[in-house]
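Here's the letter readout for the chains.
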Amino acid sequence: MTNPSHDVVAIGNAIVDVLSQAEDQFIVDEGMTKGSMQLVFSTQDADALYAKMGPGREVSGGSAANTVAGIAALGGKCGFIGQVADDELGQIFAHDIRSVGIDFTTEARPGEPTTARCLIFVTPDGQRTMNTFLGASQYLPEKALDADMIAGGAILYLEGYLWDPEEPRAAMRRAIEIARKAGRRVAFTLSDVFCIERHGDDFRKLLSDGLIDILFANENELLALCQTDDFEDAVAKASKQVPLLVATRSEKGAIAIKDGERAEVAAEPIDKVVDTTGAGDLFAAGFLHGQAQGHSVQDSLRMGAICAAEIISHYGARPEVDMKALMAKKLG
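Residues numbered from 1 in each chain as written. Predicted model: local features only at pLDDT ≥ 70, side-chain atom pairs only at ≥ 80, totals over all residues. Heavy atoms only, no water.

Going by the annotation in an unreviewed UniProt entry, the name recorded for the chain is Adenosine kinase, with Stakelama marina given as the source organism. Note on the chain: under the UniProt heading Sequence similarities (unreviewed entry), the record states "Belongs to the carbohydrate kinase PfkB family." (UniProt positions renumbered as here; feature names shortened; annotations may be inferred.)

### Points about the environment of Val28
Within the fold, Val28 resides in helix 1 (residues 24-29). As for Val28 and Ser208, which are separated by 180 residues in sequence, their C-alpha atoms are 41 Å apart. (Helix = DSSP H or I, 4+ residues; strand = E, 2+ residues; numbered from the N terminus.)

### Side note on the sheet that holds strand 13 (residues 254-258)
Pairing in this open sheet of 9 strands is mixed, and the strands run 6-5-1-9-10-11-12-13-14 from one edge to the other. The open sheet is flanked by strand 6 (103-104) and strand 14 (261-265), the only strands paired with a single partner. With 2 bridges joining them, strand 5 (residues 78-81) and strand 6 adopt parallel strand pairing. Residue pairing across strands places Gly79 opposite Asp103, the latter belonging to strand 6. (Pairing = 2+ DSSP bridges.)

### Description of the packing of aromatic side chains
Applying the stated criterion to the full structure yields 10 aromatic pairs. Considering the side-chain rings of Phe93 and Phe104, the 5.6 Å spacing of their centres and the 70° angle between planes classify their relative orientation as edge-to-face. In this pair, Phe93 sits in helix 4 (residues 88-99) while Phe104 sits in strand 6, placing the two residues 11 residues apart along the sequence. The two residues Phe93 and Phe104 agree in class, both being buried. Residue placement shows Arg109 over the ring face of Tyr139; its charged tip is 4.5 Å from the ring centre. Note that Arg249 overlies the ring of Phe231, its terminal NZ or CZ placed 3.8 Å from the centroid. (Phe/Tyr/Trp six-rings, centres within 6.5 Å; stacked < 30°, edge-to-face > 60°. Buried < 20%, exposed > 50% of the residue type's maximum accessible area, 1.4 Å probe, protein only. Lys NZ or Arg CZ within 6 Å of the ring centre and 35° of its normal.)

### Thoughts on the pattern of salt bridges
Applying the stated criterion to the full structure yields 19 salt bridges. The partner of Lys52 in a salt bridge is Glu30, with the nearest N and O atoms 3.2 Å apart. Placement of Lys52 in the loop between helix 2 (43-51) and strand 4 (56-61) and of Glu30 in the loop between helix 1 and strand 3 (37-39) is noted, with a sequence separation of 22 residues between them. Within the structure, one salt-bridge network assembled from shared partners comprises Asp24, Lys34 and Asp125. (Salt bridge = Lys/Arg side-chain N within 4 Å of Asp/Glu carboxyl O.)

This is the structure in structure tokens:
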């Protein structure tokens, strides 16, 4: 096995996030479930909701893209594979992700639908309610995969959100084959409970077939995957099927189980939670960077907690401080 050319290569939705502040009553009036993510199924509906947003800002997003952006900010070498359309938002996404040093080689898709966007309403308590129009990101074909980059990545990181459409699901299955043939590790994030409701059997089979080396889940996702109401029961079940299980628990911190050994970390203290958008994505960034650099599971958990704390202290899902300096300061 050759030395890796990249620390992490991620495959996920290529989305431009649009963030705006909103009052709780607006969330109620629009029929949204506060703190959740729901899909918007047409360009027209996405445009109508966008028109109701207050002043906001646009930044390239998407769960796995946020993760590799975090790793790049920590000094890691990353690649990203995701589908955009040949439109203005697609150009914004490509520029943003390349500007932070991430290799992005996926060609833009001509015609409709437009590049994916996520309309995020942030309430005064920092909770984010997301409305996602997946657009072009649902049409990532197998032929768009950069096989050399995948084979050269120490870790392949896959986003559960992208498992829903058939075309990118097939592409990710092929990417797993490429990575495993090259002797690389495969990491998978469950992304959301609704993904498990739709594809839980698929996810459980990936684990039972031994295709996943690192599994990321938050507490609710893990409970749904293991079909139990008891967190410790879920941990026991999942950890038997994956070499490294990582479970985040918001203010309760996070745990990891590697080959039966348990490590835990407390949540990093912060003055105020401003926006929880991207907390899980950046936790994964810190953890994966630690693993790619050869750190212990315990240290990787701490790195994940540090990254998550930074991201929830401001609006948006991309770091706003010198992450390498922050990590050096926190880890001593």
